[in-house]
Amino acid sequence: MRVLVIGSGAREHALVLALRRDPSVTAVIAAPGNPGIGQHAELRPVDPCAADDVAALAGEVAADLVVIGPEVPLVLGVADVVRAAGFPVFGPSADAARIEGSKAFAKDVMAVAGVRTAHSEIVDNPAELDAALDRFGPTWVVKDDGLAAGKGVVVTADRRAARDHGAELLEQGHPVLLESFLDGPEVSLFCLVDGETVIPLLPAQDHKRVGDGDSGPNTGGMGAYTPLPWLPAETLTEIVEDVVKPVAAELVARGSSFSGLLYAGLAVGTNGPAVVEFNCRFGDPETQAVLALLDSPFAELLHATATGRLAEVDAPRWKDGSAITVVLAAENYPARPRTGDVITGAEDGALEGETLVLHAGTDQRADKALVSAGGRVLNVVGVGADLAQARERAYARLAGIKLPGSHFRTDIGATEVVVPERNSVAG
């Protein structure tokens, strides 16, 4: 199987490594990729959002499967064009990708499907913002209704901060979504979805805020770990049966059948799991940890999903132990990051092992020096017999990497998680 992977971040680096470990894969082509991905795949230049160019490239490389990593091309309909050109595509149609591209659409789907989520309200007129804010709080959740790379959300007990964020979004012409605050720890659950067939992967937990102890502003994600020893098996089953499957069925009923990776972000609170958001693709940085533990042929799973045969394949097998991802970010991230600095100590050409260094925002100069080229620059993945060993290995590897002004969280996977006791009345 020849596989074309679209994207250029650490998520795509992890996808490429997992595909290369599948013995049925004879070649991996990545477009546009990055220097780290280039150690394991042939790189081709392409704009991931240029649908006709992606389809043409799939033809040039004789792709048996096209895997689209980022959300923006999916929301823009790139998968539709490539699929229409005759290639199996892992990634939903533009219609189905609205589950991430429009939070208002996602809320409507959940309402019809009977899925628990936060109470919400859309504000598209600045004159209505203050009155709407009065209907929420004392913790305000203010979101950009569209795509915002994980950084369009403010969760705050400060009404002024909530108002400022909402006003800024409206000034930019973006509708604002106000939500009630959901209690409890968050869970990211990735599910392979082919119509109404749903196969869950390992649950993970992302760390969104930039600083230790969940301090500072939201980012695209500063680290993640899997599996979650504190999450009861029955809660995982509840999420699949009462959240993901009803949403997949509702999308089918609307003529927007989902094919690809449906990512449910949830809070597990006193009344059980409730959806924070849905995404239409593999999450970043959780994917990097989850795929490090996969022990099944990855291309087989993706190809079966893309060709409507997911119900025919075996459930994924997983290695014992734990994995974590720690993000090394550039100076000033998540604001405008400093770029162009030389990175040393990041050499790693391994397909798998106790640690992996995945490239998120890197470039290579003419003199072959590796330099920073984005906010999240590198991901270090640690794998161990348990979470403590995985953490020890990841942070030891990270200590050998040098990037001027860079920063990372020291507490990924370190906080003991307490699940709120279930409310027996509300269920």
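Residues numbered from 1 in each chain as written. Predicted model: local features only at pLDDT ≥ 70, side-chain atom pairs only at ≥ 80, totals over all residues. Heavy atoms only, no water.

As annotated in an unreviewed UniProt entry, the chain is Phosphoribosylamine--glycine ligase from Nocardia alba. Here is the UniProt Sequence similarities (unreviewed entry) comment for the chain, exactly as written: "Belongs to the GARS family." On record in UniProt, under Pathway (unreviewed entry), the comment for the chain is "Purine metabolism; IMP biosynthesis via de novo pathway; N(1)-(5-phospho-D-ribosyl)glycinamide from 5-phospho-alpha-D-ribose 1-diphosphate: step 2/2." (UniProt positions renumbered as here; feature names shortened; annotations may be inferred.)

**Q** What's the story with helix α6 (residues 103-113) in this structure? I'm lost.
**A** One turn of the α-helix equals 3.6 residues, which is why residues spaced by three or four share an orientation. For α6, every residue scored as buried is listed here: Lys103, Phe105, Ala106, Lys107, Val109 and Met110. Gly114 occupies a position one or two residues after α6 and carries a positive phi of about 75°. (Buried < 20%, exposed > 50% of the residue type's maximum accessible area, 1.4 Å probe, protein only. Helix = DSSP H or I, 4+ residues; strand = E, 2+ residues; numbered from the N terminus.)

**Q** Help me understand the packing of aromatic side chains in this model?
**A** To describe a pair of aromatic rings, one takes the distance between the centres and the angle between the planes. Going through the model one piece at a time under the given rule, you end up with 5 aromatic pairs. When the centroid spacing of 6.1 Å and the interplanar angle of 40° are considered together, the rings of Tyr395 and Phe408 count as tilted. Taken together, the residues span a long stretch of sequence, with Tyr395 in helix α12 (residues 387-398) and Phe408 in the segment after α12 at a distance of 13 residues. A relative accessible area of 33% places Phe408 in the partly exposed class. Cluster of aromatic residues (ring-pair linked, three or more members): Phe90, Phe190, Tyr263, Phe282 and Phe298. Against the face of Phe105 rests Arg98, its NZ or CZ located 4.0 Å from the ring centre. (Phe/Tyr/Trp six-rings, centres within 6.5 Å; stacked < 30°, edge-to-face > 60°. Lys NZ or Arg CZ within 6 Å of the ring centre and 35° of its normal.)

**Q** Would you explain the side chain of Glu286 in this entry?
**A** Examined against the element boundaries, Glu286 turns out to sit in helix α10 (residues 286-292). Engagement of the side chain of Glu286 in a polar contact is seen with the side chain of Tyr263, the distance being 2.6 Å. Aside from chain neighbours lying at most four places away, what touches Glu286 is Ser188, Phe190, Ala204, Asp206, Ala224 and Tyr263. (Polar contact = N/O pair within 3.5 Å; in protein donor to acceptor, adjacent residues only side chain to side chain. Contact = heavy atoms within 4.5 Å.)

**Q** Please explain the pattern of salt bridges as it appears in this structure.
**A** It is possible for side chains bearing opposite charge to pair when their charged atoms get close. Under the criterion given, the structure shown has 24 salt bridges. The closest approach of N and O atoms between Glu42 and Arg44, which form a salt bridge, is 2.8 Å. A residue is classified by how much of its surface remains accessible, and Glu42, at 37% relative accessible area, is partly exposed. In this structure, the salt-bridge partner of Lys107 is Glu179, at a minimum N-O distance of 2.8 Å. Residue Lys107 is located in helix α6, and its partner Glu179 is located in strand β9 (residues 176-179); the two are separated by 72 residues in the primary sequence. On the basis of relative accessibility, which here comes to 12%, the residue Lys107 falls in the buried class. According to the relative accessible area criterion, Glu179 is buried, its value standing at 4%. Each of Asp130, Asp134, Arg159 and Arg163 takes part in one network of salt bridges that share partners. (Salt bridge = Lys/Arg side-chain N within 4 Å of Asp/Glu carboxyl O.)

**Q** What should I look at first to understand the packing of helix α1 (residues 10-20) against helix α11 (residues 298-306) in this one?
**A** Any two packed helices are characterised by how steeply their axes cross, that is the angle between the axes, and by the distance between the axes. Relative to each other, α1 and α11 sit at 105°, their axes nearing to 7 Å. As the angle between them shows, α1 and α11 are arranged roughly perpendicular. In this structure, α1 contributes Leu15, Ala18 and Leu19 to the contact, and α11 contributes Phe298, Ala299 and Leu302. Of the residues belonging to the contact of α1 with α11, the class tally is 6 nonpolar, no polar and no charged. (Axes fitted to C-alpha atoms, helices over the stretch in contact; angles between N-to-C directions. Parallel < 35°, antiparallel > 145°, perpendicular 65-115°, else oblique. Nonpolar A, V, L, I, M, F, W, Y, C, P; charged D, E, K, R; others polar.)

**Q** Before we go on, may I ask you to explain α1 in this structure?
**A** Of all the 11 residues making up α1, 10 are buried; the element is thus mostly covered by neighbouring parts of the structure. For α1, every residue scored as buried is listed here: Ala10, Arg11, Glu12, His13, Ala14, Leu15, Val16, Leu17, Ala18 and Leu19.

**Q** Can you walk me through the side chain of Glu250 in this structure?
**A** In this fold, Glu250 is placed in helix α9 (residues 233-253). On the basis of relative accessibility, which here comes to 15%, the residue Glu250 falls in the buried class. Polar contacts involving the side chain of Glu250 include one to the side chain of Arg254, which spans 2.6 Å. Beyond its immediate stretch of four places on either side in the chain, Glu250 contacts Val109, Val112 and Ala113.

**Q** Explain the sheet that holds strand β17 (residues 272-279) here, please?
**A** Sheets are built from strands paired through backbone hydrogen bonds, the pairs being either parallel or antiparallel. Here 4 strands make up an open sheet; going across it, the order is β11-β10-β16-β17 and the pairing antiparallel. Single-partner strands in this sheet number two, and they are β11 (197-200) and β17. Ignoring which end each strand starts from, the neighbouring axes of this sheet average 35° apart. Of the strand pairs in this sheet, strand β10 (residues 186-194) and β11 are connected by 4 bridges, and their pairing is antiparallel. Within β11, the residue paired with Asp194 across the bridge is Thr197. (Pairing = 2+ DSSP bridges.)

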